[in-house]
Amino acid sequence: MDRITTKGGTVTVARAGPEDVPDIVALLRDDEIGAGREDADHSTYESAFARIDADGNQFLAIARAEDGSAVGTLQLSFVPGLTRGGATRLLIEGVRVHSAMRGTGLGSALFAWAHEQGRARGASLAQLTTDKRRDEAHRFYERLGYEATHEGFKLELGG
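Calculation rules
- Residues numbered from 1 in each chain as written.
- Predicted model: local features only at pLDDT ≥ 70, side-chain atom pairs only at ≥ 80, totals over all residues.
- Heavy atoms only, no water.
- Pairing = 2+ DSSP bridges.
- Helix = DSSP H or I, 4+ residues; strand = E, 2+ residues; numbered from the N terminus.
- Phe/Tyr/Trp six-rings, centres within 6.5 Å; stacked < 30°, edge-to-face > 60°.
- Buried < 20%, exposed > 50% of the residue type's maximum accessible area, 1.4 Å probe, protein only.
- Contact = heavy atoms within 4.5 Å.

S.K.: Would you mind showing me how to read the pairing of strand β1 (residues 2-6) here?
M.R.: Where a strand is regular, its side chains alternate between the two sheet faces. Of the strand pairs in this sheet, β1 and strand β2 (residues 9-15) are connected by 5 bridges, and their pairing is antiparallel. Bridge pairing links I4 to V11 in β2. Following β1, the chain reverses through 2 residues before pairing antiparallel with β2.

Next up, the structure:
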């Protein structure tokens, strides 16, 4: 468990456990896009959590305020590859900061923490995808030094 300090107080960041799934789902639903996309039925998320937790290249993090409330989450995936001289990439996905904590520096602190996790695992590049409708998130990522260097594509496979 790591501690990070924000304008909103001290926050702990730890590997999520199965007991954290309801709080993570609530964070995923805490915005316009997530509210319409994420399901209130936790059973599908519990089985997905089990797959994530069993994979050594995955780290699903939960951030909690001093009172124990869930204030943030993100998933780190460590992706070995042959490109860039066999580089490992840190893929950061599922980033959410509770609406009440936005503007406190928690997002920046979580990303600094994530980048350190990546360096510790030998990653030489951090990357993420973000929904094109998330203009505020785009500005935030650019402030952190991320550049929109590629165009991403997705294909729904069903199931």
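Read on for the rest.
S.K.: I would appreciate a short explanation of the packing of aromatic side chains in the present structure.
M.R.: Counting across every chain of the model gives 6 aromatic pairs. An aromatic cluster of three or more residues is present, and its members are F111, F140, Y141 and Y146.

S.K.: Teacher, can you tell me more about the pairing of strand β4 (residues 70-80) here?
M.R.: Counting buried positions over the 11 residues of β4 gives 9, a clear majority of the element. Judged from the 8 bridges that link them, β4 and strand β5 (residues 88-97) form a sheet pairing that is antiparallel. By the bridge assignment, Q75 is partnered in β5 with E93.

S.K.: Help me out: how do you make sense of the environment of A123 in this one?
M.R.: Here A123 lies in strand β6 (residues 123-128). Classification of A123 as buried rests on a relative accessible area of 14%. Measuring from C-alpha to C-alpha, the distance between A123 and S47 comes to 28 Å, with 76 residues separating the pair along the chain. Setting aside its immediate chain neighbours within four residues, A123 contacts T88, R89, L90 and G118.

On their own, these measurements won't tell you what the molecule is for.
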